[in-house]
Amino acid sequence: MKRPPFVISIQSQVVFGHVGNSAALFPMQAAGLEVAAIPTVVFSNTPDYPTLRGRALPPEFFSDLLQGARERGLPERADYILTGYIGSLDVAEMVADFVAEAKAANPRLCYICDPVMGDTGPGLYVPEAIAGVMRDRLLPMADIATPNPFELAWLTGQQIHTSADLQAAREALHIAPEAHLVATGCVLDDTAEGQLETVILGPDGISRHPTERLPIALPGTGDLFAGLVLAGIGRGLPLPRAVEMAQTLTARALSHAKALGAGEVVLSEPEFRRALLSLGPSRAR
């Protein structure tokens with residue numbers, strides 16, 4: 001029997017709510033992927049609440065978790081590594097070392113870098129040193145990178161208004177020639193009113209994927225989207241189709257949260273879960 005696609009997902013975790021692994025883990029598992037989730041921080045909730053408990057994992061603790069993953073042979077076994085929010089510089093450097101080791105040991109490994117570092121409005125919400133590790137060490141190793149326009153502008157110094165700006169930013173990122181930049185949440189000068197776009201730029205050119213712009217902003221939306229894209233490609237969908245599937249299901253999760261009056265992304269809507277289950281093992285590569 002063929003084993004399911006295997007993912008190492010390195011990002012934040014919260015007790016309450018859906019951000020980081022607490023958003024991305026469920027859709028990947030529901031689609032039939034096997035996931036080893038390694039937390040970079042453990043918080044009680046997102047910072048949007050009056051109190052926040054927990055902390056970034058101490059470097060020696062995080063290092064122990066990575067060593068345990070090595071001892072179990074996870075880098076050699078993995079089909080994908082996904083990285084997201086990182087809460088300390090020491091941990092950021094260790095993540096970069098781990099990804100580099102894994103790619104050297106396992107040439108078939110696909111690395112998806114979601115450089116979770118900021119957004120329009122809140123601005124940069126990690127220290128510049130951590131953002132620098134993402135720019136200088138993690139993104140150059142990425143096979144797929146999923147920044148939002150704020151992150152892309154910060155990383156490259158290139159403001160994002162047109163598809164030409166996106167192409168210039170891709171070059172400025174210094175990602176590999178064969179890698180794909182998946183720019184999320186774009187509103188370009190020629191984007192239709194009431195829509196936003198995910199734009200894929202790769203060695204074969206550019207494709208634009210518009211979707212309805214919902215009047216909803218919830219923490220964890222980008223983390224959920226990245227997890228859904230990985231669920232799709234892990235089940236054999238071409239990247240453009242995986243992006244469109246992720247847009248559709250992210251919109252369902254946001255709309256359901258709005259209907260419930262929830263302040264968090266909601267992952268329990270029946271059609272959302274059914275769509276993920278339909279990606280299951282019968283669609284495996």
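This report concerns the structure included in the present document. Please read all numbers here as calculations on a predicted model, not as lab measurements.

Details of the packing of aromatic side chains
- Inspection of every chain in the model, using the stated rule, returns one aromatic pair.
- When the centroid spacing of 6.1 Å and the interplanar angle of 70° are considered together, the rings of F16 and Y49 count as edge-to-face. A residue pair is termed long-range when its members are at least 10 positions apart, and F16 in the loop between β1 (6-14) and α1 (21-30) and Y49 in the loop between β2 (34-43) and β3 (54-56) qualify at 33 residues.
- Take Y49: its relative accessible area is 33%, and that puts it in the partly exposed class.
- Seen from the ring of F6, R77 lies directly overhead, with NZ or CZ sitting 4.3 Å from the centre.

Re the nonpolar core
- Judged by nonpolar contacts, the single largest core of 56 residues is most densely connected at I8, F62, I81, L138 and L166.
- The biggest single contributor to this core is helix α4 (residues 89-105), with eight residues.
- Every residue in contact with F62, bar those within four places of it in the chain, is listed here: I10, I38, P39, T40, L57, V91, M94 and V95.
- By size, the runner-up hydrophobic cluster in this structure holds 42 residues, among which are V35, Y80, A257 and L279.

Here we look at the sheet that holds strand β11 (residues 205-212)
- The sheet built from nine strands is open, its strands ordered β3-β2-β1-β4-β5-β8-β9-β10-β11 with mixed pairing. With partners counted over all chains shown, the strands left at the sheet margins are β3 and β11, one partner each.
- The pairing of strand β4 (residues 80-83) with strand β5 (residues 110-113) spans four bridges and is parallel. When the bridges of β5 are listed, T83 appears paired with C113.
- In this fold α4 packs onto β1, β2, β4 and β5, with an angle of close to 165° to the strand it touches most, β4.

What about the environment of A105?
- In this structure, A105 sits in helix α4.
- Residues A105 and P115 lie 10 residues apart in sequence; the distance between their C-alpha atoms is 23 Å.

A word on the pairing of strand β10 (residues 195-202)
- For β10, the buried fraction is high: six of the eight residues fall into the buried class.
- Bridge count for strand β9 (residues 180-186) against β10 is four bridges, and the pairing is antiparallel. The partner of L181 across the bridge, within β10, is L201.
- In this sheet, β11 lies alongside β10 in antiparallel orientation, the contact comprising eight bridges. Residue E197 lies in a different strand from β11, and its bridge partner there is P210.
- What sits between β10 and β11 in their antiparallel hairpin is a turn of two residues.

Definitions and cut-offs
Every residue gets a number counted from 1 within its own chain, in the order that chain's sequence is written. Reporting in this predicted model follows two pLDDT cut-offs: at least 70 for local features of residues, and 80 or more for side-chain atom pairs to be given and counted; totals over whole chains, interfaces and linings ignore these cut-offs and use all residues. Only hydrogens and water are set aside when side-chain values are computed; all heavy atoms of the structure are taken into account. Here is the rule: rings of Phe, Tyr and Trp (six-membered ring for Trp) pair when centre to centre is within 6.5 Å. Planes less than 30 degrees apart are stacked, more than 60 are edge-to-face, and the remainder are tilted. Here a helix means four or more residues in a row that DSSP labels H or I, a strand means two or more in a row labelled E, and each is numbered from the N terminus. Type-normalised accessible area, obtained with a 1.4 Å probe on protein chains alone, sets the label of each residue: buried when under 20%, exposed when over 50%, and partly exposed for intermediate values. A positively charged side chain is recorded as over a ring if its NZ (Lys) or CZ (Arg) lies within 6 Å of the ring centre. The angle to the ring normal must also be within 35 degrees. For the purposes of this section, nonpolar cores are sets of buried Ala, Val, Leu, Ile, Met, Phe, Trp, Tyr and Cys residues that join through side-chain atoms within 4.5 Å. A contact between two residues is defined here by any heavy atoms of the two lying within 4.5 Å. By this definition, two strands are paired if DSSP reports at least two bridges between them. Simply put, an axis is a line fit to the C-alpha atoms, just over the touching stretch for a helix, and the angle between two N-to-C directions goes from 0 to 180 degrees.

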